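Examination of the molecular architecture
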Amino acid sequence: MTHPELRPRPPSPLTEAADERFAARGVRLLLKRDDLVHPELPGNKWRKLAPNLRAALEKGHERLVTFGGAYSNHLRATAAAGRLLGLETVGVVRGDELAGRPLNDSLARCAADGMRLHFVTRAEYRCKAEPEVRARLLDAAGAADAYVIPEGGSNALALTGCAELGRELRDVCDVAAVACGTGGTLAGLAAGLGPGRRALGVPVLAGGFLEAEIRSLQAAAFGGPAGSWSLAEGFDHGGYARVPAALDAFAADFGARHGLPVERIYVAKLLWALTALTEAGAFPPGTTLAAVVTGRP
Ligand SMILES: *Cc1c(COP(=O)(O)O)cnc(C)c1O
């Protein structure tokens, strides 16, 4: 029996943004409001979690464990999902210096949703994928029998949830664009888009490791490359969670023009990149762009 929370949800809303910076280049801009896909769990976090929650329930797990930093949206989403589904949640948090100190807002919300927080050293956290370290870590966290969701929530099942997002967009746009952290959302989105469509990812952190990561996620989920995708580098604005004044002003202006609360860490960088690329003539006239609004402030 499917938990009511896990029944298929209607497609998230799609709205047109009338914006002269795009119109001047003959480009249509659509906003895919995935921030509205679930009342409590925004956007891509819900798309990635839902198939994992289904699997956890089917396998009879009563507890979820996952990993994240002190400001992780994924930790927060997992905690909320656990509350909604009646599953216990354990969050392994990077940074043992945080233990015993007052929780920041993000971790306080995790705790309020019932998540048990287990703080580990940065060194341990870095090695959490090594089987021995992981076993020791989960044991210490009291989560040895828990269903394990990786950092950022991106695994093969998560990609199948994000492919659904691609299917919702396949008949309405030429290019579907999304901000990338782990790249899991882009990897799934690309697979769900139809032939002749492409996905464009905007990394919010510098690095260059993302292409390989996306290829390996797609191999795990779909057995090999799926769909057409590329990355637009150079729009990280100095790194993860960096919001220079110019980006902040751009986001405030975009929000005022289009009545959209613009989340700063991911969505603002995506919208900036699409505006800059359009103004530079990167999209031929007649292109319909869909910007995936993956979250809310
Ligand atoms: C987590 C997150 C992303 C990044 O998703 P990935 O699948 O890790 O690339 C994008 N936007 C928002 C709002 C997020 O919270």
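Up top is the structure these notes are about.
Before going into details, it helps to say that this report is about the structure given with it. (Residues numbered from 1 in each chain as written. Predicted model: local features only at pLDDT ≥ 70, side-chain atom pairs only at ≥ 80, totals over all residues. Heavy atoms only, no water.)

On to the site of the ligand. Of all residues adjacent to the ligand, which total 16 residues, the nearest are Lys45, Lys48, Thr182, Thr185 and Thr294. A distance of 3.4 Å separates an oxygen atom of the ligand from a polar atom in the backbone of Gly184. Thr185 places a polar side-chain atom, nitrogen or oxygen, 2.6 Å from an oxygen atom of the ligand. In isolation the ligand has 390 Å² of accessible area, and contact with the protein removes 96% of it. Residue assignment for the shell around the ligand shows that the elements contributing at least two residues are α2 (43-58), β7 (175-180) and α8 (184-192). The dominant element in the shell around the ligand, judged by the number of residues it contributes, is α2, at 3 residues. (Near = heavy atom within 4 Å. Polar contact = N/O pair within 3.5 Å; in protein donor to acceptor, adjacent residues only side chain to side chain. Areas by Shrake-Rupley, 256 points an atom, 1.4 Å probe, with all protein chains shown as cover. Helix = DSSP H or I, 4+ residues; strand = E, 2+ residues; numbered from the N terminus.)

The next point concerns the pattern of salt bridges. Close approach of charged atoms allows side chains with opposite charge to pair. For the structure on display, the rule yields 21 salt bridges. Connected through salt bridges with shared partners, the residues Asp19, Glu20, Arg21, Asp253 and Arg257 form a single ionic network. (Salt bridge = Lys/Arg side-chain N within 4 Å of Asp/Glu carboxyl O.)

Summed over the entire model, instances satisfying the criterion amount to 1 cavity of 30 Å³ or more. Of the pockets and cavities examined, the largest cavity occupies roughly 30 Å³. Taken together, Pro203, Leu205, Ala206, Gly207, Gly208, Phe209, Leu210 and Glu233 form the lining of the largest cavity. Of the residues contributing to the lining of the largest cavity, the split by class is 5 nonpolar, 2 polar and 1 charged. (1 Å grid on protein atoms, 1.4 Å probe; cavity = no way out; pocket = protein on both sides within 12 Å on 5 of 7 lines; lining within 4 Å. Points joined across faces, edges and corners; volume = space filled by probe spheres on them. Nonpolar A, V, L, I, M, F, W, Y, C, P; charged D, E, K, R; others polar.)

Strands sit in the order β5-β4-β3-β6 across an open sheet of 4 strands; the sheet is parallel. Since the sheet does not close on itself, it has two edges, and those belong to β5 (116-120) and β6 (147-148), each with one partner. Relative to β6, strand β3 (residues 63-68) is paired through 2 bridges, and the arrangement is parallel. Residue Leu64 lies in a different strand from β6, and its bridge partner there is Tyr147. Taken strand by strand, helix α3 (residues 73-85) contacts β3 and β4 (88-94), and its axis lies near 165 degrees from that of β3. (Pairing = 2+ DSSP bridges. Contact = heavy atoms within 4.5 Å. Axes fitted to C-alpha atoms, helices over the stretch in contact; angles between N-to-C directions.)

Bringing α3 into the picture now. For α3, with 13 residues, the first-to-last C-alpha span of 18 Å sits near the 18 Å given by 1.5 Å per residue. Most of α3 sits inside the fold, with 10 of its 13 residues counted as buried. Of all the positions in α3, only His74, Leu75, Ala77, Thr78, Ala79, Ala80, Ala81, Gly82, Leu84 and Leu85 are classed as buried. Tucked into the core, α3 has its buried residues touching α2, β3, β4 and α4 (105-112). If you check the start of α3, you find a side-chain oxygen 3.1 Å away from the backbone N of His74, and it comes from Ser72. Just beyond α3, the residue with positive phi is Gly86, at close to 70 degrees. (Expected span 1.5 Å × (residues − 1). Buried < 20%, exposed > 50% of the residue type's maximum accessible area, 1.4 Å probe, protein only.)

Inspection of every chain in the model, using the stated rule, returns 3 aromatic pairs. Both rings, one in Tyr240 and one in Tyr266, keep their centres 6.1 Å apart while their planes meet at 70 degrees; by these two values the pair is edge-to-face. Here Tyr240, found in the loop between β9 (229-231) and α10 (245-258), pairs with Tyr266, found in the loop between α10 and α11 (267-279); they are 26 residues apart in sequence, far enough to count as distant. What makes Tyr266 buried here is its relative accessible area of 15%. Taken together, a centroid distance of 5.6 Å and an interplanar angle of 65 degrees make the contact between Phe250 and Trp272 edge-to-face. Placement of Phe250 in helix α10 and of Trp272 in helix α11 is noted, with a sequence separation of 22 residues between them. Take Phe250: its relative accessible area is 12%, and that puts it in the buried class. Through pairs of rings, three or more aromatic residues link up here, namely Phe250, Phe254 and Trp272. (Phe/Tyr/Trp six-rings, centres within 6.5 Å; stacked < 30°, edge-to-face > 60°.)

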